[in-house]
Amino acid sequence: MVRIQDMRNLGPATARMLAEIDIVSDDDLRNLGSVEAYRRLKFRFGRHVTILAL
């Protein structure tokens, strides 16, 4: 298991946003899926999340 903040190509702001939607590890992200994680980020943070988060 790799913590989100230790993953390559994810900055600290994205790691904080993912933690706020209960994604704290690569396993969490893998189980949820990237599209669903993006959908939840958009719902929670609105226009502050761009397509680059996908």
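Please refer to the structure placed before this passage.
This write-up is about the structure you can find in this document. (Residues numbered from 1 in each chain as written. Predicted model: local features only at pLDDT ≥ 70, side-chain atom pairs only at ≥ 80, totals over all residues. Heavy atoms only, no water.)

### A short note on helix α3 (residues 34-45)
Okay, step 1: Taking 1.5 Å of rise per residue, 12 residues should cover 16 Å, and α3 covers 16 Å from first to last C-alpha, within 8% of that figure.
Okay, step 2: Considered for burial, the residues of α3 that qualify are Ala 37, Tyr 38, Leu 41 and Phe 45. Relative to the axis of α3, the buried residues are bounded by an arc of 100° and lie together on one face. The exposed set on the far side of α3, more than 90 degrees from its buried face, consists of Val 35 and Phe 43.
Okay, step 3: The secondary structure elements touched by the buried residues of α3 are α1 (12-20) and α2 (26-32). (Helix = DSSP H or I, 4+ residues; strand = E, 2+ residues; numbered from the N terminus. Expected span 1.5 Å × (residues − 1). Buried < 20%, exposed > 50% of the residue type's maximum accessible area, 1.4 Å probe, protein only. Arc of directions from axis to C-beta. Contact = heavy atoms within 4.5 Å.)

### Notes on the environment of Ser 34
Okay, step 1: Position of Ser 34 relative to the elements: it lies in helix α3.
Okay, step 2: Not counting residues within four places of it along the chain, the set of residues in contact with Ser 34 comprises Leu 29 and Leu 54.

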